[in-house]
Amino acid sequence: RDTVVIVNNNDISSGIGAVGFAEFTARCPHTVFASWDWDNHHWLDQSTMLAALCDIYAPGHHENLYLLSRYNPVIAGPVYCGSVQWSRQFLTDELPRILGTNRTDSPLGMHIPYGPFEYRNRVVGTLAQHFASVGFSDRRFHTRDAGDRLGEWVAHKSHWIVPVLNDVPIRIFDALVTGGIPIIPLSLRHLPPVASIDERDAVFYGPLDVVEPGAIVQRANALFDAG
């Protein structure tokens, strides 16, 4: 009663479930429920449920906002997602490792495949023909401990980013916070918060760079080497 409850979509999907959450909100008419939805760009059954059940709906991406506004007109955002796989304190403690690791010139870009997004899968598959460190992974990455995951990220100077749609992926900020240079689609360049990234900290690629990626990776590595 008289409380604001903030959830994200993963709290519901891996916890109480959609039916349980619906029953919970129905029992709390004097509570304000606000949802922060990290996956409104592709997980629409979950997103529409959150929008319909919550008083305030905050999407993490620009995609599908018109549709979701039909379920809830009180939309705040998008509220973008920064790096979440490491805590601020953990990264502070690991600064010597982040700054001192010798890094490879090959970009890191392991992505979980999603069947409906054929273009994205083709981009990743094309890049995988050039770089062994770019390709498809599975969800076991998220079960590894924080130090092991950090070790993989700090082993590379640059990180190739392939979004599901025109969303702003969390991995952009994973790259920045671990000292790497993200290689970002040109279509995201003027979206907040990508537009605020310093030009010395990222490079942007177009379709031709996917087919011939060598030059853009060299540019990213040169930015890293320049500090």
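No experiment lies behind these values; they were computed from the predicted model shown.

## A few points about the sheet that holds strand β6 (residues 158-160)
Sheet strands pair by backbone hydrogen bonding; their relative direction is either parallel or antiparallel. Strand order in the open sheet formed by three strands is β6-β7-β8, and the pairing between neighbours is parallel. Among the strands making up the open sheet, the edge pair consists of β6 and β8 (203-205). Within this sheet the neighbouring strands show an average axis-to-axis angle of 30°, counted without direction. With three bridges connecting them, strand β7 (residues 181-185) and β8 associate as parallel partners. Bridge assignment links Ile183 to a residue of β8, and that residue is Val203.

## Quick look at the sheet that holds strand β3 (residues 56-59)
Spatially, three strands are ordered β1-β2-β3 in an open sheet, and the strand pairing comes out parallel. The strands lining the two open edges of the sheet, one partner per strand, are β1 (3-8) and β3. Put simply, the sheet's adjacent strands are angled 15° from each other on average, direction ignored. Summarising the sheet, β1 and strand β2 (residues 31-37) pair through six bridges and their orientation is parallel. Residue pairing in the sheet places Val7 in a bridge with Ser35 of β2. Across the sheet, helix α1 (residues 9-26) touches β1 and β2, and the angle it forms with β1 is around 135°.

## Considering unusual backbone geometry
A cis geometry characterises the amide bond from Gly77 onward to Pro78, with omega recorded as 10°. The peptide bond linking Pro192 to Pro193 adopts the cis configuration, its omega dihedral lying at 0°. Examined against the element boundaries, Pro193 turns out to sit in the loop between β7 and β8. At Asp2, a position not held by glycine, the phi torsion is positive, near 55°. Residue classification places Asp2 among the exposed positions, given a relative accessible area of 67%.

## What to know about the side chain of Ser35
Tracing the sequence through the fold places Ser35 in strand β2. Setting aside anything within four residues of it in sequence, one finds Ser35 in contact with Val7, Leu50, Cys54, Ile56, Tyr57 and Ala58.

## Side note on the environment of Val7
Here Val7 lies in strand β1. Residue classification places Val7 among the buried positions, given a relative accessible area of 11%. Along the backbone, Val7 and Cys81 are 74 residues apart, and their C-alpha atoms lie at a distance of 14 Å. In contact with Val7, not counting residues within four places along its chain, are Ile12, Phe21, Ala34, Ser35 and Trp36.

Basis of the calculations
Each chain carries its own residue numbering, running from 1 in the written order of its sequence. In view of the model being predicted, local features appear only for residues whose pLDDT reaches at least 70, and side-chain atom pairs are presented and counted only at 80 or more, with totals across whole chains, interfaces and linings using the full set of residues. Hydrogens and water molecules were not included; the side-chain quantities draw on all heavy atoms of the structure. Strand pairing is assigned whenever DSSP detects at least two bridges linking the two strands. Strands are runs of DSSP state E lasting at least 2 residues, helices are runs of H or I lasting at least 4, and numbering of each runs from the N terminus. For helices, the fitted axis covers only the stretch in contact; all axes are lines through C-alpha atoms, and the angles between them, taken along N-to-C directions, range from 0 to 180 degrees. Two residues form a contact once any of their heavy atoms are found within 4.5 Å. Partly exposed residues are those whose accessible area sits between 20% and 50% of the maximum for their type, while under 20% is buried and over 50% is exposed, using a 1.4 Å probe and protein chains only.

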